[in-house]
Amino acid sequence: MSKVTGEFSVTMQPEPASAVAADTGVGRMSLDKQYHGALQATGKGEMLAYMDSALGSGAYVAIERVEGTLDGRRGDFLLHHRGLMERGAPSLVVAVVPDSGRGELAGISGTLQIRKEGGKHYYDFDYQLADSA
């Protein structure tokens, strides 16, 4: 496994939700990210989320296509986000979607951790490429 760390910026925009989603309180957002560091890439995706603000519990799922270079290798891959908040206690898993890598990133697998410090977003990405296994 290789590990890279860096900063990223994210912009989220509300998107129209389906009638079913709107009736259940589920919201939809678009994601637009810029990754910096050993991962020089853009991320574009969609997120569905629900939050009970009174109890501090909720969930979100997202799929994001990341395109650019990782340690000098050009290509793209998908990330799957799964986040839960249980009465204010967060948990988050962000993983590479199996077999989603293309270009020089074909065969990529791994997990990405997100940190927020001092108002900035950071990533810690543990990954492996099939040819380096």
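The following paragraphs examine the structure supplied in this document. Everything numeric here is computed off the predicted structure, so don't read it as measured data.

### As for the side chain of E64
And step 1. In this fold, E64 is placed in strand β4 (residues 57-70).
And step 2. Among the residues examined, E64 registers a relative accessible area of 0% and is labelled buried.
And step 3. The residues touching E64, leaving out its near neighbours within four places in the chain, are K33, Y35, G43, K44, G45, F77, L78, L79 and H81.

### Some remarks on the environment of L55
And step 1. The topology assignment puts L55 in the loop between β3 (39-52) and β4.
And step 2. Relative accessible area serves as the criterion here: at 43%, L55 is assigned to the partly exposed category.
And step 3. When the C-alpha atoms of L55 and G88 are compared, they prove to be 7.8 Å apart, with 33 residues separating the residues in sequence.
And step 4. In this structure L55 touches R87 and G88, once residues within four positions along its chain are discounted.

### Notes on the pattern of salt bridges
And step 1. Applying the stated criterion across every chain, the model contains seven salt bridges.
And step 2. In this structure, D76 engages R65 in a salt bridge whose closest nitrogen and oxygen atoms are separated by 2.4 Å. With D76 in strand β5 (residues 73-86) and R65 in strand β4, this pair connects stretches of sequence that are eleven residues apart.
And step 3. D76 sits in the buried class, given a relative accessible area of 7%.
And step 4. In this structure R65 comes out as partly exposed when scored by relative accessible area, which is 27%.
And step 5. Across the salt bridge formed by R102 and D76, the nearest N and O atoms sit 3.0 Å from each other. Note that R102 is positioned in strand β7 (residues 102-103) and D76 in strand β5, a separation of 26 residues in sequence.
And step 6. Salt bridges here are not isolated pairs; linked through shared partners, they connect R65, D76 and R102.

Here is what the cut-offs are and how they apply
Residues numbered from 1 in each chain as written. Predicted model: local features only at pLDDT ≥ 70, side-chain atom pairs only at ≥ 80, totals over all residues. Heavy atoms only, no water. Helix = DSSP H or I, 4+ residues; strand = E, 2+ residues; numbered from the N terminus. Buried < 20%, exposed > 50% of the residue type's maximum accessible area, 1.4 Å probe, protein only. Contact = heavy atoms within 4.5 Å. Salt bridge = Lys/Arg side-chain N within 4 Å of Asp/Glu carboxyl O.

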